[in-house]
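An overview of the molecular structure
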Amino acid sequence: MIKALRGMRDLTFDDGRKFTYIIKKMEDVAKKYGYEYIETPILEETKLFKRSVGESSDIVGKEMYQFIDKGNNDVCMRPEGTAGVVRAFIQSKLDRRAGERFRLFYHGAMFRYERPQKGRFREFHQFGCESFGEESVYEDFTLIQMVSDIFKALNIKFKLKINSLGCNRCMPRYRDNLIDFLKSSEEQLCSDCSRRVSTNPIRVLDCKNSQCQDILKGSPKLVDNLCESCSRDFEKLKSLLRDNKIDFEVDINLVRGLDYYNKTAFEFISGEIGAQSAIAGGGRYDRLVEFLDGKSTPAVGFAIGIERIMDIVELPYNGRDGYYMGVLDSHILDILLPLVHKKRGEGRVYLEYKPKKLKGHLKGADRVNARYCLVVGENELKSGTVWVKDLELKIEKVISMEDF
Ligand code: HAM
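Keep in mind it's a predicted model, so treat the numbers as computed, not measured. (Residues numbered from 1 in each chain as written. Predicted model: local features only at pLDDT ≥ 70, side-chain atom pairs only at ≥ 80, totals over all residues. Heavy atoms only, no water.)

What follows is about the nonpolar core. Phe132, Ile150, Phe151 and Ile309 are the most contacted members of the largest nonpolar core, which has 98 residues in total. A per-element tally of this core places helix H5 (residues 137-153) first, with 8 residues. In this structure isoleucine 309 touches Ile22, Met26, Phe151, Leu154, Ile156, Ile279 and Ile304, once residues within four positions along its chain are discounted. With 15 residues, the next largest nonpolar core counts Ile332, Leu339, Val349 and Val388 among its residues. (Core = buried A, V, L, I, M, F, W, Y, C linked by side-chain atoms within 4.5 Å. Buried < 20%, exposed > 50% of the residue type's maximum accessible area, 1.4 Å probe, protein only. Helix = DSSP H or I, 4+ residues; strand = E, 2+ residues; numbered from the N terminus. Contact = heavy atoms within 4.5 Å.)

If you want it as structure tokens, here you go:
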């Protein structure tokens, strides 16, 4: 038997219904915030992710679905959505329309060659929003509020963590201080972190190793090294969240696993799904457009992990809906077809092709969770009627085909 690849899975029946229900809720909220849909290819040039997500990140270093295609191009299945959206933004020259705002949302499959476990897949789905052209911290707040609204609409409890990663004025200075500090205790760091000291020292801050965390207790702190403008924006973000009753905590070690962030970084955590508890993440990435050869454009965004949400969300009970239609004799089927087609204009219709006795049809209607079971036999045909049972109210009736 051929099976799905490790870390990849099918979404069928209840899972499929839950998946589309979640996406619909997210879309509804994003549209209310003025976001428009964008679709970008799953396959992109590998260098797009190397330059955006970062060569030293775990995603690019260890987890890419990368290969050489038949035209000898080095390509990669997207590990996340932001890089492709930024590429599309630049390619369609939206970066040249100074002063305009572009707010885009997307959803789709992402691929990371990680070790699969609960809540962590090799193919997973994200719903994301990217906002271009707005440098105000009100936009950072509004995006966080949007994620919070999405989780409220889905009845999901969350914890919000925020941090500021500074800008290209204050971050390099902090980075140098941190490197000096880390070098003094390099031998005690885990092997990943001692490599990171020279490749990406900021990532040491969110290492889960307890010895690294102990060493970090004495390290210089990012929040104490912000320049005046970053500090002002971070204070404003906190006060906006407080004033609008969105609970949060500042996590001074929150740096995110992708290299493109500056200033605001945030993560939404759920207490209900075990170790892989991050259900959404995002932040500001003001340098990325320029870094990918576009015109410098401030930007901020987030992505939500759909699979992790699916573990928490309960599908509301929908009840029975639509029609099940069946015949007692096979020749009646052809006569019934126009009526079936007309009813499909109103809602879900399941048509049984096989003639059956009434009892068989009632069972069939129950199996497909139909509200109404409609059966036509010789008698009904002669009198121009149909037999209908409302399976919820348990009422049976014979009514004229025309009225039906
Ligand atoms: P990220 O934190 O790497 O950010 O991913 C966002 C969310 O995707 C995570 O919080 C998690 O829920 C889900 N996720 C990540 N990896 C997996 C996996 N292997 N299996 C299941 N779910 C997973 C980004 O991808 C950024 N592009 C977010 C962003 C948009 N920042 C700015 N704009």
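Of note, the phi angle at phenylalanine 13 is positive, near 45°, even though the residue is not glycine. Locating phenylalanine 13 in the fold gives a position in helix H1 (residues 13-32). Among the residues examined, phenylalanine 13 registers a relative accessible area of 69% and is labelled exposed. Although it is not a glycine, asparagine 72 adopts a positive phi angle of roughly 70°. Given a relative accessible area of 63%, asparagine 72 falls into the exposed group.

A separate point is the sheet that holds strand E14 (residues 372-376). Strand pairing in a sheet relies on backbone hydrogen bonds, with the paired strands running either antiparallel or parallel. Taken in spatial order, the 5 strands of this open sheet run E13-E12-E14-E15-E16, and their pairing is mixed. Two strands in the sheet have a free side with no partner beyond their single neighbour: strand E13 (349-351) and strand E16 (395-400). Taken pair by pair, the neighbouring strands of this sheet meet at an average axis angle of 20°, ignoring direction. Alignment of strand E12 (residues 323-327) against E13, held across 3 bridges, turns out to be parallel. Bridge pairing in E13 places tyrosine 323 opposite valine 349. Against the sheet, helix H12 (residues 332-344) touches E12, E13, E14 and strand E15 (385-390), its axis set at about 170° to E12. (Pairing = 2+ DSSP bridges. Axes fitted to C-alpha atoms, helices over the stretch in contact; angles between N-to-C directions.)

In space, the 3 strands of this open sheet follow the order E2-E4-E3, with antiparallel pairing throughout. Looking along the sheet, the strands with just one partner apiece sit at the ends: strand E2 (43-45) and strand E3 (65-68). Neighbour-to-neighbour, the strand axes of the sheet open up by a mean angle of 35°, direction not taken into account. Two elements, E2 and strand E4 (residues 74-77), share 3 bridges in a ladder whose sense is antiparallel. Residue glutamate 45 lies in a different strand from E4, and its bridge partner there is valine 75.

The subject of this paragraph is the layout of surface pockets. Quantified by volume, the second largest pocket comes out at close to 580 Å³. Lining the second largest pocket are 27 residues, and of these Asn200, Asp259, Tyr260, Tyr261 and Arg287 sit closest to its centre. For the lining of the second largest pocket, the secondary structure elements donating two or more residues are helix H2 (46-54), helix H6 (170-183) and helix H10 (288-291). By residue number, the principal contributor to the lining of the second largest pocket is H2, which donates 4 residues. Grouping the amino acids of the lining of the second largest pocket by side-chain chemistry returns 11 nonpolar, 8 polar and 8 charged. (1 Å grid on protein atoms, 1.4 Å probe; cavity = no way out; pocket = protein on both sides within 12 Å on 5 of 7 lines; lining within 4 Å. Points joined across faces, edges and corners; volume = space filled by probe spheres on them. Nonpolar A, V, L, I, M, F, W, Y, C, P; charged D, E, K, R; others polar.)

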